[in-house]
Amino acid sequence: MRLSELTAKKTSNQKILVPYITAGITDNWGDLVLAAADGGADAVEIGLPFSDPMIDGNIIQLAYKKSLDAGYNTQLILDGINSLKDRVGIPLIVMTYYNLLFARGLAKVAFDLSTVGVAGTIVPDLTIEELDPWSKESQANNLDNVLLVAPSTPRARTAQIANLSTGFIYALGVMGTTGIRDSLSQDAIANVTKIKELTDKPVLIGVGVSTPQQAQQAVQYCDGVIVGSALVKLILDKLDKPELPKFVQSFVTDFKTAIA
Amino acid sequence: MSEDLSKYLESYTPLLPDDKGKFGQFGGRFVPESLVNACEQLQIAFDKFWSDPEFRNEYLNLLHSYGGRPTPITFCGNLSELLGIKLYLKREDLTHTGSHKINNVVGQALLAKRMGKTHLIAETGAGQHGVATATAAALFGLKCKVYMGQVDAKRQELNVFRMKLLGSEVQEVISGSMTLKDAVNEAMREWVSRVDTTHYCLGSVMGPHPFPYMVREFQSILGNEAKIQFKELTGDDPDYVVACVGGGSNAAGTFAGFINTDSKLVGVEAAGGAALSYGRTGVVHGMTSKLLQDETGQINEAHSISAGLDYPGVGPEHAYLQDIDRASYVAANDEEVLEAFLMLSRMEGIIPALESAHGLAWIIRAAKAGEIPKDKTVLLTLSGRGDKDVQQVLSILQLRKDEKGNF
Ligand SMILES: Cc1ncc(COP(=O)(O)O)c(C=O)c1O
């Protein structure tokens, strides 16, 4: 299942919500993915933990550490995704740093991701100059390749990225790391405005969208949002609560209602 | 000096990365999109100023009048006799701030100034690069913040104090393994959010393009000086050119001077951080290189007696030089490094940095084993002085004092 259904939603003017969850943050992380789907997510971004996450702030760093300390690795997470495949009903996108793909072998990991039902990947440390090898394997295995555009990305380069990105375009909402922000930044609005002038593909703001109000504001300028640190913080705060999946579900529903 | 300078400029034919910043398959630019523009701007500025004679002169004059260059080459008579070789040291320990790091930071601070930046940030392991950056920041009137893993900050307390004395802020890093690799991550994260005002003064030949190339160029003065001096002194090039390798900047700068000679180039890593000896190709900190990592691609921690070599990766140019067999890379363990540290102190009256003692440790082992044949000339870059390490060495030696209190 590729991300084409997101394009269909964009075309029919529905706003898109993609919550982010770190795989292995807790042993029932799979239930949290299902809860996000039940809450109204249009797709879920699943983070594979890396020891040296350059673009991530404190909250997601902590989630990665929990997952790695608990012994999660690429294989275990692939197995977990495989068990969700027939139940989740929405596309799953894997976000990870390039070295994890490189270490498993690009051809093998692309095949494995596709086999467990993943729709596409986001690899934040892979720039368009270095994209070719992964792009080839993604295409061969029917995986979308979601690329990032930063507020600092010049127009001409933005056009190149928009052209190469498949599924949607990930517009970074801040010049900075993942983390919770008090307000939606002017950078975010300027960034999506720049991108939307150059492409018809769906454009989602990620990083720096922390509340339903911010999400509502964001979708006035773009097609949807990715919500990461705010959700991960909620999960970290309520890890030992049996109702955690319910919390995740209603968190997602609140965002979904706000952008509808 | 001016005659030396012109020789330096004439004789140097650098190894250039390709248009993606790669040396063979190594290097490149693997960064979040939010850093691409900053890297490109830096590359453009560096290319422009590095070919500008006025910039070069200012840089070289500063290294002369402020940094204490040129540093001498010292023949080690006593050790040479003992080992049956001819051992020479290129004395970076005699520079201002006590290590080769000054060559790089003067260049980058000057560049930052030309680019209109008002702040420097840096990562540091042993603290030498942090001290050097804080020094350059003070000289150029730039604000400075240095990221240092908490574990390293404890090991190198004196350097933390030095940085503060120089007016710099020191940010202890408590993420990951709390050592150099995590300080790099943290500095990168900070750079993303402050690119407009801030230059990231990276301390070694690592990171995304143009850093490995740019830092190598700023350190090439070391090798180019040494080549000229060695020829004047002996009439020939050295048979062996040896340097320690953490990220690899003193080695890269040294090798740059001898890359087009017949000298054998040897880089010495710490056994507990030997990316070139034991690592696999991978991507971290913005570059493709040899890395210590597990089979799933998680980066391992490095462990050695010297904080400055505790880095699980290595500069991409070294991975390339190893790949094409132009340089070889070996590892030295803590025990033999400590012996080398003591030998140089006692036999030559020079207390080396523990990092530099790795180079000597290999030379001693190789000379004794006949791996370096008799009477061969060996040039070792003594990358820094050992003042910063005496406290740590003392605490190790305490454990093996005899009844008279002698080590
Ligand atoms: C004296 C000295 N030598 C060597 C190094 C290692 O760095 P590099 O391999 O970049 O020369 C350090 C780093 O802190 C150092 O302080």
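Refer to the structure printed above.
What you see as residue numbers is a count from 1 along each chain, following the sequence as written. Working convention: letters from A go to chains and numbers from 1 go to ligands, in the order in which they are written. Given that the model is predicted, a residue must reach a pLDDT of at least 70 before its local features are reported, and side-chain atom pairs must reach 80 or more before they are shown or counted; all residues, however, enter totals for whole chains, interfaces and linings. With hydrogens and water set aside, each side-chain value is computed from the structure's full complement of heavy atoms.

*Asks:* Explain the overall build of chain B to me, please; I cannot follow it from the model alone.
*Replies:* Put simply, DSSP H or I for four residues or longer makes a helix, DSSP E for two residues or longer makes a strand, and each gets a number counted from the N terminus. The number of helices and strands found in chain B is 16 helices and 14 strands. Dimensions of chain B, computed from the C-alpha atoms along their principal axes, are close to 55 × 50 × 45 Å. Any two residues whose heavy atoms approach within 4.5 Å are treated as being in contact. Long-range contacts, defined as pairs at least 24 residues apart, comprise 74% of the intrachain contacts of chain B with a sequence gap of at least 6. As used throughout, the charge tally considers Lys and Arg to be positive and Asp and Glu to be negative, leaving His and the chain termini uncounted. Where a charge sits is defined by one atom per residue type, namely NZ (Lys), CZ (Arg), CG (Asp) or CD (Glu). In chain B, the 40 positive side-chain charges and the 50 negative ones have mean positions that sit 2 Å from each other.

*Asks:* Before we go on, may I ask you to explain the overall build of chain A in this structure?
*Replies:* Assigned secondary structure in chain A consists of twelve helices and eight strands. Only C-alpha atoms enter the radius of gyration, while the globule expectation follows 2.2 Å times N to the 0.38, with N the number of residues. Scaling as 2.2 N^0.38, a compact globule of 260 residues should have a C-alpha radius of gyration of about 18 Å, and chain A matches this with 17 Å. Structurally, chain A occupies a C-alpha span of about 45 × 40 × 35 Å along its principal axes. With the model as given, the accessible surface of chain A reaches about 9,500 Å², and the carbon-plus-sulfur share is 51%. Looking at chain A, you have 22 positive and 27 negative side-chain charges, and the mean spots of the two groups are 3 Å apart. In this description, accessible areas are obtained by the Shrake-Rupley approach with a 1.4 Å probe, and a residue is regarded as covered only by the protein chains that are shown.

*Asks:* Mind showing me how you'd approach the side chain of threonine 288 of chain B here?
*Replies:* All names here are of chain B. As for its position among the elements, threonine 288 is in strand S12 (residues 287–291). Burial status follows relative accessibility: with a 1.4 Å probe on protein chains alone, a residue under 20% of its type maximum counts as buried, one over 50% as exposed, and anything between as partly exposed. For threonine 288, a relative accessible area of 5% gives the class buried. Excluding residues within four positions of it along the chain, threonine 288 makes contact with Gln25, Phe26, Gly27, Phe30, Thr281, Gly282, Val283 and Pro316.

*Asks:* Explain the nonpolar core here, please?
*Replies:* Grouped burial of nonpolar side chains is what soluble globular proteins tend to show. If you look at the biggest cluster of nonpolar residues, it comprises 165 residues, and the most contacted ones within it are Trp29, Trp134 and Val248 of chain A. The element contributing the most residues to this core is helix H2 (residues 33–50) of chain B, with nine residues. Not counting residues within four places of it along the chain, the set of residues in contact with tryptophan 29 of chain A comprises Thr22, Ala23, Gly24, Ile46, Tyr72, Ile77, Gly80, Ile81 and Leu84 of chain A. To define a nonpolar core, start from buried Ala, Val, Leu, Ile, Met, Phe, Trp, Tyr and Cys residues and group those joined through side-chain atoms within 4.5 Å. Ile350, Leu354, Ala357 and Leu397 of chain B belong to the second largest nonpolar core, which has 36 residues in total.

*Asks:* How should the sheet that holds strand S5 (residues 119–124) of chain B be read in this particular structure?
*Replies:* Within a sheet, each strand pairs with its neighbour through backbone hydrogen bonds, oriented either parallel or antiparallel. Residues and elements named next belong to chain B. Strand pairing requires that DSSP identify at least two bridges connecting the strands. Judged by pairing direction, the sheet is parallel, and its four strands sit side by side in the order S7-S6-S5-S8 without closing on themselves. Unpaired on one side and paired on the other, strand S7 (169–173) and strand S8 (198–200) mark the two borders of the sheet. In this sheet, neighbouring strand axes are inclined to one another by 20° on average, regardless of whether the strands run parallel or antiparallel. Note that strand S6 (residues 143–149) and S7 share five bridges and pair parallel. What sits directly across from glycine 149, in S7, is valine 173. In this analysis, axes come from line fits to C-alpha atoms, helices being fitted only over the stretch in contact, and the angle between any two N-to-C directions falls in the range 0 to 180 degrees. In the packing of helix H9 (residues 180–193) onto the sheet, contacts are made with S5, S6, S7 and S8, and the angle to S5 comes to roughly 160°.

*Asks:* Would you mind showing me how to read the side chain of threonine 296 of chain B here?
*Replies:* Position of threonine 296 of chain B among the secondary structure elements: in the loop between S12 and helix H13 (316–323). Judged by its relative accessible area of 18%, threonine 296 of chain B is buried. Think of a polar contact as two N or O atoms within 3.5 Å of one another; within protein, one of them needs to be a possible hydrogen donor and the other a possible acceptor, and neighboring residues in sequence only count if both atoms come from side chains. Among the polar contacts made by the side chain of threonine 296 of chain B, one reaches the side chain of aspartate 294 of chain B at a distance of 2.8 Å. Residues in contact with threonine 296 of chain B, not counting those within four places in the same chain, are Asn73, Thr74, Leu100 and Ala103 of chain A.

*Asks:* Got a minute to help me understand the pattern of salt bridges in this structure?
*Replies:* As a working rule, side chains carrying opposite charge can pair if their charged atoms are close by. All names here are of chain B. Salt bridge criterion: a side-chain nitrogen from Lys or Arg within 4 Å of a carboxyl oxygen from Asp or Glu. Summed over all chains, the structure comprises 33 salt bridges over all chains. Here arginine 69 ties to glutamate 225 by a salt bridge, and the two come within 2.8 Å at their closest N and O atoms. Of this pair, arginine 69 sits in the loop between helix H3 (53–65) and strand S3 (73–75) while glutamate 225 is found in helix H10 (residues 211–234), placing the two residues 156 residues apart along the sequence. Residue arginine 69 is classed as buried on the basis of its relative accessible area of 2%. Using a relative accessible area of 10% as the deciding quantity, one classes glutamate 225 as buried. Here aspartate 152 ties to arginine 155 by a salt bridge, and the two come within 2.9 Å at their closest N and O atoms.

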